[in-house]
Amino acid sequence: MEGLHFQTHPNLIAGMERAEDAGVYKLTEQLAIVQTVDFFTPIVDDPYDFGRIAVANSLSDVYAMGGRPVTALNVVCFPKDKMDFSILREVLKGGLDMMHEADVILLGGHTVEDPELKYGLSVTGTIHPDKVVHNNTARPGDVLILTKPLGTGIISTAIKGGAASQQAIKAVTDSMTTLNRAASEAMLEVGVSACKDITGFGLLGHACEMIDKTDVGFVIDSTAIPYFPEAKEYADMGMMPGGLGRNRDYRKHSVDISSNVPQFLQDIIWDPQTSGGLMIAVPKAKAPRLLNELHAKGVSGAVIIGEVTVENKGRIKVT
């Protein structure tokens, strides 16, 4: 957003001046609000599941900051002349059920007519001003933990092309409808250095955001990266979302990928995710406890994928 003049205010804890997941504004010494908005087109065929995924994805920004989402407003674009209202009802029912699961209150919303269905939320959450988890505060010696497997964008492309298996559809749907609440609670209990939820810019795109204008870099072990097995199959078939190439083109100047990393995996680490996991930078001494807490809370896929260094300042190295 070059050329824009960002507002400053003594109560503004996180805003547009850096690529934070949400805005944070301090109301009192004990209370701040967390605000974010997100909506997008369907990535699965089932309208109910789409509603659940869209809500989980929208809430994730608050969880990544360490906040608790409290209220939400529906944001809907609907092609009333091309689509039956029963589809919209299912989308909204899925979204409402996911909000109930997250203990979030729906206050209302806004709908506009549009050529293509889109759905998401504007979310308000709360947090203590001193407990905000930023995304660009990783420290040398931290390890990087990823809480969900990658590949949702590639598999969603296969779904749109009618090539995805029912097993793959269920796997990504289960992942994308899993809230990042438990992961957020675990990182707050342990205490971490930084966090970012992995969504549209992919693993490497968001990793670049975490080191941008800092004195550190990341080294990521490609053999440790979790991904859906079907994502490899569909990547080998060339089923790539358009965002994958854009992510690569935009950030490739900041990334060094070893020649021994398979091409399918290079695609997966640039793959745009929907309702992806959290990437957490945590001091090495705390990493075992954080992994134990994550696993105990049901975040069974959480694994260490890399470390924070000073040797490759401002760059991501994938080995």
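In this report, we go over the structure that sits alongside the text.

What counts and what doesn't
Residues numbered from 1 in each chain as written. Predicted model: local features only at pLDDT ≥ 70, side-chain atom pairs only at ≥ 80, totals over all residues. Heavy atoms only, no water. Helix = DSSP H or I, 4+ residues; strand = E, 2+ residues; numbered from the N terminus. Buried < 20%, exposed > 50% of the residue type's maximum accessible area, 1.4 Å probe, protein only. Areas by Shrake-Rupley, 256 points an atom, 1.4 Å probe, with all protein chains shown as cover. Lys, Arg positive; Asp, Glu negative; His and termini not counted. Charge placed at Lys NZ, Arg CZ, Asp CG, Glu CD. Patch = residues over 30% accessible without salt bridge, like charges linked within 9 Å, V, L, I, M, F, W, Y side chains within 5 Å. Salt bridge = Lys/Arg side-chain N within 4 Å of Asp/Glu carboxyl O. Phe/Tyr/Trp six-rings, centres within 6.5 Å; stacked < 30°, edge-to-face > 60°. Lys NZ or Arg CZ within 6 Å of the ring centre and 35° of its normal. Core = buried A, V, L, I, M, F, W, Y, C linked by side-chain atoms within 4.5 Å. Contact = heavy atoms within 4.5 Å. Pairing = 2+ DSSP bridges. Axes fitted to C-alpha atoms, helices over the stretch in contact; angles between N-to-C directions. Left-handed = near helix turned anticlockwise from the far one by under 90°. Nonpolar A, V, L, I, M, F, W, Y, C, P; charged D, E, K, R; others polar.

## Overview of the overall build of the chain
Phase 1: Helix and strand content of the chain: 10 helices and 13 strands.
Phase 2: Principal-axis analysis of the C-alpha atoms gives the chain an extent of 55 × 55 × 45 Å.
Phase 3: Relative to its 319 residues, the chain shows a buried fraction of 51%.
Phase 4: When the accessible surface of the chain is summed, it comes to about 14400 Å², and 53% of that surface belongs to carbon and sulfur atoms.
Phase 5: Both charge centroids of the chain, one from 29 positive and one from 39 negative side chains, sit 3 Å from each other.

## Things to note about a nonpolar patch on the surface
Phase 1: Taken together, the side chains of Leu12, Tyr25, Leu27 and Leu31 make up a nonpolar region of the molecular surface, amounting to roughly 310 Å² of accessible area.
Phase 2: With respect to the helices and strands, Tyr25 occurs in strand β2 (residues 23-26).
Phase 3: Residue classification places Tyr25 among the partly exposed positions, given a relative accessible area of 32%.

## Section: the packing of aromatic side chains
Phase 1: Under the defined criterion, the tally for this structure stands at four aromatic pairs.
Phase 2: For the ring pair Phe40 and Phe50, a centre distance of 5.9 Å and an interplane angle of 70 degrees mean the geometry is edge-to-face. Residue Phe40 is located in strand β3 (residues 32-40), and its partner Phe50 is located in helix α1 (residues 47-64); the two are separated by 10 residues in the primary sequence.
Phase 3: Accessibility expressed as a relative area gives 16% for Phe40, which makes it buried.
Phase 4: Connected via pairs of aromatic rings, a cluster forms that spans Phe40, Phe50 and Tyr119.
Phase 5: Over the aromatic face of Phe264 sits the side chain of Lys232, whose NZ or CZ is 5.0 Å from the ring centroid.

## Some points on the nonpolar core
Phase 1: Judged by nonpolar contacts, the single largest core of 76 residues is most densely connected at Leu59, Tyr119, Leu203, Phe218, Met279 and Ile316.
Phase 2: Per-element tally for this core: the top contributor is α1, with eight residues.
Phase 3: Look past the residues within four positions of Leu203 in its chain and what remains in contact with it is Leu146, Leu150, Ile198, Ile225, Ile269, Asp271, Met279 and Ile305.
Phase 4: Counting 19 residues, the second largest nonpolar core, distinct from the first, contains Val133, Ala186, Val282 and Val299.

## Quick notes on the pairing of strand β11 (residues 278-283)
Phase 1: With five of its six residues buried, β11 lies for the most part within the structure.
Phase 2: Where strand β7 (residues 142-146) meets β11, five bridges bridge the pair, whose relative direction is antiparallel. When the sheet's bridge partners are listed, Asp142 is paired in β11 with Pro283.
Phase 3: Here strand β8 (residues 194-197) runs beside β11; their pairing, made up of four bridges, is antiparallel. The partner of Ala194 across the bridge, within β11, is Ala281.

## Examining the environment of Trp270
Phase 1: Following the sequence through the fold, Trp270 ends up in helix α9 (residues 263-270).
Phase 2: On the basis of relative accessibility, which here comes to 2%, the residue Trp270 falls in the buried class.
Phase 3: Considering only alpha carbons, one finds Trp270 and Gly153, 117 residues apart in sequence, at a separation of 9.7 Å.
Phase 4: Excluding residues that lie within four positions of it along the chain, Trp270 makes contacts with Phe201, Gly202, Leu204, Gly205, Leu244, Asn247, Arg248, Arg251, Lys252, Val255 and Ile257.

## Some points on helix α5 (residues 181-190)
Phase 1: For α5, the set of buried residues is Ala182, Ala183, Ser184, Ala186, Met187 and Val190.
Phase 2: Residues of α5 that are buried sit in contact with α1, β8, β11 and α10 (287-296).
Phase 3: Directly beyond the C-terminal end of α5, a positive phi value near 90 degrees is found at Gly191.

## A short note on the pairing of β2
Side-chain positions along a regular strand alternate between the two faces of the sheet.
Phase 1: Where strand β1 (residues 12-14) and β2 come together, two bridges link them in antiparallel fashion. Directly across from Leu12, in β2, lies its bridge partner Tyr25.
Phase 2: As judged from the four bridges shared by β2 and β3, these two strands associate in the antiparallel manner. Each residue of the ladder has a partner; that of Lys26, found in β3, is Ala32.

## Overview of unusual backbone geometry
What is expected of a backbone is that most residues other than glycine have negative phi and most peptide bonds are trans.
Phase 1: Positioned with a positive phi, Asp103 is a non-glycine residue whose angle comes to about 60 degrees.
Phase 2: Positioned with a positive phi, Ser275 is a non-glycine residue whose angle comes to about 50 degrees.
Phase 3: Given the relative accessible area of 1%, Ser275 is considered buried.

## Focus on the packing of α5 against α10
Phase 1: Where α5 meets α10, the closest approach of the two axes is 9 Å, and the angle between their N-to-C directions is 145 degrees. Once α5 is placed against α10, the crossing between them reads as right-handed. Across the interface between the two elements, Ala183, Ala186, Met187, Glu189 and Val190 of α5 pack against Arg289, Leu290, Glu293 and Leu294 of α10.
Phase 2: Of the residues that constitute the contact of α5 with α10, the class distribution is six nonpolar, no polar and three charged.

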